[in-house]
Amino acid sequence: MKYIILVLIAIAGFSCKKDDNLIGKTDYIYDIPPIKLTSDAELGAYYLNYVAADWAKVHSDTSLLGKPYNALTDPAIFPQQLSWADEGGIDYFIFKWNAAAADNSLLSTFASRRSSQKVKMVIDFNMAHLNATNAAPLTGAKLQTMINEFKTLVSQYISKDYYFKIGDQPVVLISPINLSATTLTSIDYKAVMLSLRSELKLLGVNPYFIGELTTGWVAPSNFDQTALASMDALVLTSWNTPDFDRWWGFNSYLDLNWQNWKKSLEQMNVDFVPCIFPGYNEPAATTQRVFDRSETSYVNYTNVAKKNMGKNRLIIINSWNDFSKGNALEPSKKFNKQYLGLTKREFKVQ
(Lines give C-alpha, C1' and ligand atoms only; values in the text may rest on other atoms or scores of the structure.)
Protein backbone atom coordinates (compact mmCIF):
# COMPACT_ATOMS: atom_id res chain seq x y z
CA MET A 1 0.00 0.00 0.00
CA LYS A 2 2.83 2.39 0.94
CA TYR A 3 4.47 1.63 -2.39
CA ILE A 4 1.27 2.42 -4.31
CA ILE A 5 0.86 5.73 -2.47
CA LEU A 6 4.44 6.72 -3.24
CA VAL A 7 3.94 5.89 -6.90
CA LEU A 8 0.75 7.96 -7.01
CA ILE A 9 2.52 10.91 -5.37
CA ALA A 10 5.34 10.62 -7.88
CA ILE A 11 2.88 10.54 -10.78
CA ALA A 12 0.97 13.52 -9.39
CA GLY A 13 4.19 15.46 -8.96
CA PHE A 14 5.25 14.64 -12.48
CA SER A 15 1.90 15.64 -13.97
CA CYS A 16 2.01 19.03 -12.23
CA LYS A 17 5.48 19.83 -13.49
CA LYS A 18 5.48 22.51 -16.19
CA ASP A 19 6.18 21.18 -19.68
CA ASP A 20 8.46 23.65 -21.45
CA ASN A 21 7.10 22.44 -24.80
CA LEU A 22 3.58 23.61 -23.99
CA ILE A 23 2.37 27.15 -24.75
CA GLY A 24 1.45 29.02 -21.59
CA LYS A 25 -1.97 30.63 -21.28
CA THR A 26 -0.44 34.11 -21.06
CA ASP A 27 1.20 33.60 -24.46
CA TYR A 28 -2.14 33.88 -26.21
CA ILE A 29 -4.52 35.44 -23.68
CA TYR A 30 -3.26 38.82 -22.53
CA ASP A 31 -4.37 42.41 -22.03
CA ILE A 32 -3.81 45.01 -24.73
CA PRO A 33 -2.25 48.15 -23.22
CA PRO A 34 -3.93 51.52 -23.86
CA ILE A 35 -2.34 53.39 -26.75
CA LYS A 36 -2.58 57.17 -26.95
CA LEU A 37 -1.98 58.55 -30.43
CA THR A 38 0.21 61.56 -31.06
CA SER A 39 -1.20 62.05 -34.56
CA ASP A 40 -4.58 61.23 -36.03
CA ALA A 41 -5.49 57.92 -37.61
CA GLU A 42 -7.20 58.09 -41.02
CA LEU A 43 -10.65 56.61 -40.44
CA GLY A 44 -12.93 55.04 -43.04
CA ALA A 45 -16.28 53.27 -42.70
CA TYR A 46 -18.10 50.98 -45.11
CA TYR A 47 -21.37 52.55 -46.23
CA LEU A 48 -24.20 50.31 -47.44
CA ASN A 49 -27.02 51.29 -49.75
CA TYR A 50 -29.87 49.96 -47.63
CA VAL A 51 -32.88 48.84 -49.65
CA ALA A 52 -36.21 47.26 -48.73
CA ALA A 53 -34.76 43.74 -48.60
CA ASP A 54 -32.14 44.87 -46.08
CA TRP A 55 -34.66 46.59 -43.84
CA ALA A 56 -36.86 43.47 -43.97
CA LYS A 57 -34.17 41.45 -42.14
CA VAL A 58 -34.30 40.96 -38.39
CA HIS A 59 -32.29 43.68 -36.65
CA SER A 60 -30.91 43.82 -33.13
CA ASP A 61 -30.91 47.63 -33.32
CA THR A 62 -31.83 50.34 -35.81
CA SER A 63 -30.86 53.87 -36.79
CA LEU A 64 -31.96 57.03 -35.02
CA LEU A 65 -33.17 58.05 -38.48
CA GLY A 66 -35.84 55.40 -38.21
CA LYS A 67 -36.59 52.24 -40.16
CA PRO A 68 -36.66 52.13 -43.08
CA TYR A 69 -34.81 55.05 -44.69
CA ASN A 70 -33.57 55.47 -48.25
CA ALA A 71 -30.54 57.66 -48.81
CA LEU A 72 -31.20 57.82 -52.55
CA THR A 73 -34.73 59.20 -52.32
CA ASP A 74 -34.75 61.14 -49.06
CA PRO A 75 -32.58 64.30 -49.38
CA ALA A 76 -32.27 64.65 -45.59
CA ILE A 77 -30.48 61.32 -44.99
CA PHE A 78 -26.99 61.92 -46.34
CA PRO A 79 -26.53 65.39 -44.78
CA GLN A 80 -27.45 64.02 -41.34
CA GLN A 81 -25.24 60.96 -41.71
CA LEU A 82 -22.30 63.06 -42.89
CA SER A 83 -22.69 65.45 -39.97
CA TRP A 84 -22.72 62.51 -37.56
CA ALA A 85 -19.67 61.03 -39.28
CA ASP A 86 -17.85 64.34 -38.74
CA GLU A 87 -18.68 64.07 -35.04
CA GLY A 88 -17.08 60.63 -34.97
CA GLY A 89 -13.93 61.71 -36.80
CA ILE A 90 -14.72 59.62 -39.89
CA ASP A 91 -12.60 60.82 -42.82
CA TYR A 92 -14.26 58.85 -45.61
CA PHE A 93 -17.13 56.54 -46.48
CA ILE A 94 -16.34 53.45 -48.56
CA PHE A 95 -18.89 52.76 -51.30
CA LYS A 96 -18.98 49.35 -52.94
CA TRP A 97 -19.05 49.61 -56.75
CA ASN A 98 -19.90 46.66 -58.98
CA ALA A 99 -21.08 48.52 -62.11
CA ALA A 100 -24.72 48.43 -61.00
CA ALA A 101 -27.04 51.37 -61.59
CA ALA A 102 -27.68 51.66 -57.84
CA ASP A 103 -23.91 51.90 -57.23
CA ASN A 104 -23.60 54.86 -59.59
CA SER A 105 -26.68 56.47 -58.06
CA LEU A 106 -25.21 56.21 -54.57
CA LEU A 107 -21.95 57.87 -55.65
CA SER A 108 -23.71 60.71 -57.43
CA THR A 109 -26.14 61.21 -54.54
CA PHE A 110 -23.27 61.46 -52.05
CA ALA A 111 -21.52 63.99 -54.29
CA SER A 112 -24.62 66.13 -54.75
CA ARG A 113 -25.73 66.16 -51.09
CA ARG A 114 -22.35 66.67 -49.45
CA SER A 115 -21.88 70.35 -48.58
CA SER A 116 -19.82 71.65 -45.66
CA GLN A 117 -19.15 68.22 -44.15
CA LYS A 118 -15.60 66.88 -44.09
CA VAL A 119 -16.33 63.24 -44.91
CA LYS A 120 -14.98 62.17 -48.29
CA MET A 121 -15.54 59.28 -50.69
CA VAL A 122 -13.60 56.07 -51.40
CA ILE A 123 -14.66 53.58 -54.06
CA ASP A 124 -14.48 49.84 -53.40
CA PHE A 125 -14.16 48.36 -56.91
CA ASN A 126 -15.62 44.84 -57.03
CA MET A 127 -14.44 42.69 -59.94
CA ALA A 128 -17.39 40.30 -59.90
CA HIS A 129 -19.23 42.03 -62.77
CA LEU A 130 -16.25 41.40 -65.07
CA ASN A 131 -17.12 37.68 -64.96
CA ALA A 132 -13.55 36.43 -64.99
CA THR A 133 -13.24 32.64 -64.95
CA ASN A 134 -10.38 30.17 -65.24
CA ALA A 135 -11.43 29.54 -68.83
CA ALA A 136 -11.93 33.26 -69.60
CA PRO A 137 -9.53 35.19 -67.34
CA LEU A 138 -9.31 38.94 -66.79
CA THR A 139 -7.30 39.73 -69.91
CA GLY A 140 -8.00 41.26 -73.33
CA ALA A 141 -11.46 42.78 -73.67
CA LYS A 142 -12.35 42.14 -70.01
CA LEU A 143 -9.25 43.93 -68.80
CA GLN A 144 -9.95 46.81 -71.17
CA THR A 145 -13.48 47.05 -69.77
CA MET A 146 -12.02 47.38 -66.28
CA ILE A 147 -9.57 50.05 -67.43
CA ASN A 148 -12.34 52.01 -69.18
CA GLU A 149 -14.52 51.82 -66.07
CA PHE A 150 -11.67 53.22 -64.00
CA LYS A 151 -11.15 56.05 -66.46
CA THR A 152 -14.82 56.96 -66.10
CA LEU A 153 -14.66 56.76 -62.31
CA VAL A 154 -11.56 58.98 -62.35
CA SER A 155 -13.34 61.55 -64.49
CA GLN A 156 -16.57 61.54 -62.51
CA TYR A 157 -15.38 61.04 -58.90
CA ILE A 158 -11.76 60.11 -58.19
CA SER A 159 -10.40 63.38 -59.55
CA LYS A 160 -12.77 65.51 -57.41
CA ASP A 161 -11.88 67.36 -54.21
CA TYR A 162 -14.34 65.27 -52.18
CA TYR A 163 -12.40 62.09 -52.95
CA PHE A 164 -10.13 60.85 -50.15
CA LYS A 165 -6.39 60.80 -50.79
CA ILE A 166 -3.19 59.85 -49.00
CA GLY A 167 -0.95 62.71 -50.01
CA ASP A 168 -1.75 63.05 -53.70
CA GLN A 169 -2.81 59.40 -54.10
CA PRO A 170 -6.56 58.68 -54.29
CA VAL A 171 -7.44 55.60 -52.24
CA VAL A 172 -9.26 52.79 -54.08
CA LEU A 173 -10.21 49.38 -52.69
CA ILE A 174 -9.98 46.32 -54.95
CA SER A 175 -12.16 43.32 -54.12
CA PRO A 176 -11.89 40.42 -53.77
CA ILE A 177 -8.25 39.40 -53.51
CA ASN A 178 -9.17 36.01 -52.09
CA LEU A 179 -10.58 34.17 -55.09
CA SER A 180 -12.80 31.12 -54.75
CA ALA A 181 -11.42 27.65 -55.40
CA THR A 182 -13.17 27.57 -58.78
CA THR A 183 -11.65 30.86 -60.01
CA LEU A 184 -8.07 30.64 -58.72
CA THR A 185 -6.47 31.36 -62.10
CA SER A 186 -9.10 33.83 -63.34
CA ILE A 187 -7.17 36.96 -62.30
CA ASP A 188 -3.43 37.51 -62.48
CA TYR A 189 -3.36 40.42 -60.03
CA LYS A 190 0.24 41.34 -60.74
CA ALA A 191 -0.41 41.74 -64.46
CA VAL A 192 -3.82 43.38 -64.01
CA MET A 193 -2.62 45.95 -61.49
CA LEU A 194 0.47 46.80 -63.56
CA SER A 195 -1.73 47.44 -66.60
CA LEU A 196 -4.22 49.48 -64.60
CA ARG A 197 -1.52 51.60 -62.93
CA SER A 198 0.13 52.23 -66.31
CA GLU A 199 -3.12 53.39 -67.92
CA LEU A 200 -4.05 55.66 -65.01
CA LYS A 201 -0.58 57.16 -64.93
CA LEU A 202 -1.28 58.52 -68.43
CA LEU A 203 -4.15 60.45 -66.84
CA GLY A 204 -1.85 61.82 -64.15
CA VAL A 205 -3.42 59.58 -61.50
CA ASN A 206 -1.39 57.45 -59.08
CA PRO A 207 -3.92 55.52 -56.95
CA TYR A 208 -3.24 53.96 -53.58
CA PHE A 209 -4.78 50.49 -53.97
CA ILE A 210 -6.02 48.62 -50.91
CA GLY A 211 -6.69 44.96 -51.61
CA GLU A 212 -9.76 43.70 -49.79
CA LEU A 213 -9.89 40.16 -48.45
CA THR A 214 -13.38 39.21 -47.38
CA THR A 215 -12.33 36.82 -44.65
CA GLY A 216 -10.43 37.08 -41.41
CA TRP A 217 -8.29 34.72 -39.28
CA VAL A 218 -6.53 33.13 -42.27
CA ALA A 219 -2.73 33.49 -42.28
CA PRO A 220 -1.11 35.52 -45.10
CA SER A 221 0.91 32.49 -46.23
CA ASN A 222 -2.35 30.88 -47.39
CA PHE A 223 -2.90 33.53 -50.08
CA ASP A 224 -1.33 34.18 -53.46
CA GLN A 225 1.77 36.17 -52.51
CA THR A 226 2.03 37.93 -55.90
CA ALA A 227 -1.58 39.09 -55.51
CA LEU A 228 -0.84 40.52 -52.06
CA ALA A 229 2.34 42.20 -53.27
CA SER A 230 0.52 43.89 -56.17
CA MET A 231 -1.34 46.14 -53.71
CA ASP A 232 -0.23 49.17 -51.70
CA ALA A 233 -2.13 47.91 -48.65
CA LEU A 234 -4.35 45.04 -47.50
CA VAL A 235 -7.48 44.95 -45.37
CA LEU A 236 -9.37 41.92 -44.06
CA THR A 237 -12.98 42.90 -43.58
CA SER A 238 -14.60 40.14 -41.50
CA TRP A 239 -13.59 39.36 -37.90
CA ASN A 240 -16.73 37.75 -36.54
CA THR A 241 -16.27 34.10 -35.58
CA PRO A 242 -18.20 30.97 -34.61
CA ASP A 243 -15.17 29.80 -32.61
CA PHE A 244 -15.42 29.99 -28.81
CA ASP A 245 -11.68 30.44 -28.16
CA ARG A 246 -11.37 33.31 -30.62
CA TRP A 247 -14.46 34.94 -29.16
CA TRP A 248 -13.33 34.48 -25.55
CA GLY A 249 -9.76 35.73 -26.11
CA PHE A 250 -10.73 37.98 -29.00
CA ASN A 251 -8.33 40.91 -28.58
CA SER A 252 -5.18 38.90 -28.00
CA TYR A 253 -6.02 36.34 -30.71
CA LEU A 254 -6.64 39.24 -33.08
CA ASP A 255 -3.41 40.94 -32.03
CA LEU A 256 -1.38 37.80 -32.76
CA ASN A 257 -3.07 37.44 -36.15
CA TRP A 258 -2.52 41.09 -37.08
CA GLN A 259 1.11 41.02 -35.96
CA ASN A 260 1.64 38.16 -38.41
CA TRP A 261 -0.12 40.03 -41.20
CA LYS A 262 1.71 43.27 -40.58
CA LYS A 263 5.15 41.63 -40.43
CA SER A 264 4.48 39.52 -43.54
CA LEU A 265 3.21 42.47 -45.56
CA GLU A 266 6.07 44.75 -44.50
CA GLN A 267 8.43 42.33 -46.25
CA MET A 268 6.51 43.08 -49.47
CA ASN A 269 6.41 46.84 -48.77
CA VAL A 270 2.64 46.56 -48.36
CA ASP A 271 0.75 48.35 -45.57
CA PHE A 272 -1.64 46.59 -43.20
CA VAL A 273 -5.02 48.21 -42.56
CA PRO A 274 -6.86 47.00 -39.43
CA CYS A 275 -10.64 46.64 -39.76
CA ILE A 276 -12.77 46.79 -36.61
CA PHE A 277 -16.43 46.77 -35.61
CA PRO A 278 -18.27 48.41 -32.67
CA GLY A 279 -20.05 45.12 -31.97
CA TYR A 280 -21.54 42.15 -33.81
CA ASN A 281 -25.03 40.69 -33.49
CA GLU A 282 -26.46 39.23 -36.69
CA PRO A 283 -29.70 37.42 -35.85
CA ALA A 284 -29.69 35.62 -39.21
CA ALA A 285 -26.19 34.16 -38.60
CA THR A 286 -27.07 31.71 -35.84
CA THR A 287 -23.63 30.05 -35.87
CA GLN A 288 -21.73 33.30 -35.23
CA ARG A 289 -20.81 34.46 -31.74
CA VAL A 290 -22.42 37.68 -30.54
CA PHE A 291 -20.04 40.49 -29.59
CA ASP A 292 -22.03 42.61 -27.15
CA ARG A 293 -21.25 46.30 -27.15
CA SER A 294 -19.58 47.99 -24.22
CA GLU A 295 -17.17 50.87 -23.90
CA THR A 296 -14.49 48.57 -22.47
CA SER A 297 -14.63 45.98 -25.26
CA TYR A 298 -14.70 48.61 -28.01
CA VAL A 299 -11.82 50.60 -26.55
CA ASN A 300 -9.78 47.41 -26.22
CA TYR A 301 -10.51 46.69 -29.88
CA THR A 302 -9.40 50.19 -30.90
CA ASN A 303 -6.13 49.66 -29.04
CA VAL A 304 -5.44 46.46 -30.99
CA ALA A 305 -6.03 48.45 -34.18
CA LYS A 306 -3.79 51.33 -33.09
CA LYS A 307 -1.05 48.88 -32.13
CA ASN A 308 -1.10 47.21 -35.56
CA MET A 309 -1.89 49.99 -38.04
CA GLY A 310 0.63 50.62 -40.82
CA LYS A 311 2.73 53.62 -41.71
CA ASN A 312 -0.16 55.44 -43.37
CA ARG A 313 -2.24 55.10 -40.19
CA LEU A 314 -5.35 53.78 -41.95
CA ILE A 315 -8.18 52.21 -39.96
CA ILE A 316 -11.46 50.93 -41.44
CA ILE A 317 -14.69 50.38 -39.51
CA ASN A 318 -17.13 47.72 -40.66
CA SER A 319 -19.57 49.38 -40.85
CA TRP A 320 -21.30 52.75 -40.84
CA ASN A 321 -24.84 51.46 -41.29
CA ASP A 322 -25.12 47.66 -41.66
CA PHE A 323 -27.75 47.29 -38.97
CA SER A 324 -28.57 43.70 -39.99
CA LYS A 325 -25.18 42.62 -38.59
CA GLY A 326 -25.39 44.78 -35.49
CA ASN A 327 -22.04 46.38 -36.33
CA ALA A 328 -23.21 49.86 -37.37
CA LEU A 329 -21.40 52.94 -36.08
CA GLU A 330 -24.28 55.21 -37.13
CA PRO A 331 -26.21 56.54 -34.10
CA SER A 332 -28.86 54.03 -33.09
CA LYS A 333 -31.90 53.79 -30.86
CA LYS A 334 -30.03 51.62 -28.35
CA PHE A 335 -26.73 53.48 -28.16
CA ASN A 336 -27.48 56.97 -29.52
CA LYS A 337 -24.15 58.66 -30.42
CA GLN A 338 -22.02 56.90 -27.79
CA TYR A 339 -19.78 55.10 -30.28
CA LEU A 340 -19.16 58.21 -32.35
CA GLY A 341 -17.65 59.85 -29.28
CA LEU A 342 -15.56 56.78 -28.41
CA THR A 343 -14.28 56.49 -31.98
CA LYS A 344 -13.17 60.10 -32.17
CA ARG A 345 -11.63 59.97 -28.70
CA GLU A 346 -9.54 56.90 -29.49
CA PHE A 347 -8.41 57.69 -33.03
CA LYS A 348 -8.09 61.48 -33.12
CA VAL A 349 -5.72 63.65 -31.11
CA GLN A 350 -7.82 65.90 -28.88
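Keep in mind it's a predicted model, so treat the numbers as computed, not measured.

1. Some thoughts on the pairing of strand β7 (residues 233-236)
1) Next: Burial along β7 is two-sided: Ala233 and Val235 facing one way and Leu234 and Leu236 facing the other are all buried.
2) Next: Sheet analysis places strand β6 (residues 208-213) next to β7, joined by 4 bridges and oriented parallel. Within β7, the residue paired with Gly211 across the bridge is Leu234.
3) Next: Pairing analysis gives 3 bridges linking β7 to strand β8 (residues 271-273), with the strands arranged parallel. Counted as the bridge partner of Val235 is Val273 from β8.

2. Side note on the environment of Ile315
1) Next: Position of Ile315 among the secondary structure elements: in strand β10 (residues 314-317).
2) Next: Residue Ile315 is classed as buried on the basis of its relative accessible area of 0%.
3) Next: Setting aside residues no more than four positions away along its own chain, Ile315 makes contact with Ala41, Glu42, Leu43, Gly44, Tyr92, Val273, Pro274, Ala305, Met309 and Phe347.

3. Observations regarding the packing of helix α9 (residues 250-266) against helix α10 (residues 295-308)
1) Next: Running from N to C, α9 and α10 point in directions that differ by 15°, and their axes come no closer than 10 Å. As summarised for this structure, α9 and α10 are arranged roughly parallel, according to the angle between their axes. Along this stretch, α9 crosses α10, giving a crossing that reads as right-handed. Where α9 approaches α10, its residues Phe250, Asn251, Leu254, Asp255, Trp258, Gln259 and Lys262 are matched on the opposing element by Asn300, Tyr301, Val304, Ala305, Lys307 and Asn308.
2) Next: Residues belonging to the contact of α9 with α10 are distributed by class as follows: 6 nonpolar, 4 polar and 3 charged.

4. Some remarks on a nonpolar patch on the surface
1) Next: Side chains of Phe244, Trp247 and Trp248 sit close together on the surface and give an oily, nonpolar patch of about 330 Å² of accessible area.
2) Next: Looking at the element boundaries, Trp247 is found in helix α8 (residues 244-248).

5. Comments concerning unusual backbone geometry
1) Next: Of note, the amide linkage connecting Ser175 to Pro176 takes the cis form, showing an omega dihedral of -10°.
2) Next: The residue Pro176 is located in the loop between β5 (169-175) and α6 (189-201) in this model.
3) Next: Going from Asn318 to Ser319, the amide bond is cis rather than trans, its omega being 25°.
4) Next: Tracing the chain through its elements places Ser319 in the loop between β10 and α11 (338-347).
5) Next: Phi is positive for Trp217, which is not a glycine, with a value near 75°.
6) Next: With respect to the helices and strands, Trp217 occurs in the loop between β6 and α7 (225-229).
7) Next: Since its relative accessible area comes to 14%, Trp217 is described here as buried.
8) Next: Even without being a glycine, Asn269 presents a positive backbone phi close to 60°.
9) Next: Looking at where Asn269 falls in the secondary structure, it is placed in the loop between α9 and β8.

6. Observations concerning the packing of α10 against α11
1) Next: Where α10 contacts α11, the two axes come as close as 10 Å, and the packing angle between them is 35°. The handedness of the crossing between α10 and α11 comes out as right-handed. The segment α10 lies against α11, with Glu295, Tyr298, Val299, Thr302, Asn303, Ala305 and Lys306 engaging Gln338, Tyr339, Leu342, Thr343, Arg345, Glu346 and Phe347.
2) Next: Here the contact of α10 with α11 is composed, by residue class, of 6 nonpolar, 4 polar and 4 charged.

7. A look at the pairing of β10
1) Next: Residues Leu314 and Ile316 of β10 are buried on one face, and the alternating residues Ile315 and Ile317, pointing to the opposite face, are buried as well.
2) Next: Alignment of strand β1 (residues 42-47) against β10, held across 4 bridges, turns out to be parallel. Residue pairing across strands places Glu42 opposite Leu314, the latter belonging to β10.
3) Next: By the bridge criterion, 2 bridges tie strand β9 (residues 275-276) to β10 in an arrangement that is parallel.

8. Focus on the packing of aromatic side chains
One pair of aromatic rings is described through two measures. These are the centre distance and the angle between the planes.
1) Next: One pass over the structure, following the stated rule, counts 32 aromatic pairs.
2) Next: An aromatic cluster of at least three residues, connected via ring pairs, comprises Trp217, Trp239, Phe250, Trp258, Phe272, Phe277, Tyr280, Phe291 and Tyr301.
3) Next: Here the guanidinium or amino end of Arg289 rests over the ring plane of Trp247, the centre of that ring lying 5.8 Å away.
4) Next: It is Arg293 that lies over the ring of Tyr339; its NZ or CZ is 5.0 Å from the centre.

9. Looking at the confidence of the model for the chain
1) Next: On average, residues of the chain carry a pLDDT of 92, and 93% of them reach 70 or more.
2) Next: Across residues 1-16 the pLDDT falls below 50, and counting only partners more than four positions away or on other chains, this stretch makes 0 contacts in the model.

Reading the values: rules and limits
Residues numbered from 1 in each chain as written. Predicted model: local features only at pLDDT ≥ 70, side-chain atom pairs only at ≥ 80, totals over all residues. Heavy atoms only, no water. Buried < 20%, exposed > 50% of the residue type's maximum accessible area, 1.4 Å probe, protein only. Helix = DSSP H or I, 4+ residues; strand = E, 2+ residues; numbered from the N terminus. Pairing = 2+ DSSP bridges. Contact = heavy atoms within 4.5 Å. Axes fitted to C-alpha atoms, helices over the stretch in contact; angles between N-to-C directions. Parallel < 35°, antiparallel > 145°, perpendicular 65-115°, else oblique. Left-handed = near helix turned anticlockwise from the far one by under 90°. Nonpolar A, V, L, I, M, F, W, Y, C, P; charged D, E, K, R; others polar. Patch = residues over 30% accessible without salt bridge, like charges linked within 9 Å, V, L, I, M, F, W, Y side chains within 5 Å. Areas by Shrake-Rupley, 256 points an atom, 1.4 Å probe, with all protein chains shown as cover. Salt bridge = Lys/Arg side-chain N within 4 Å of Asp/Glu carboxyl O. Phe/Tyr/Trp six-rings, centres within 6.5 Å; stacked < 30°, edge-to-face > 60°. Lys NZ or Arg CZ within 6 Å of the ring centre and 35° of its normal. pLDDT = per-residue confidence, 0-100.

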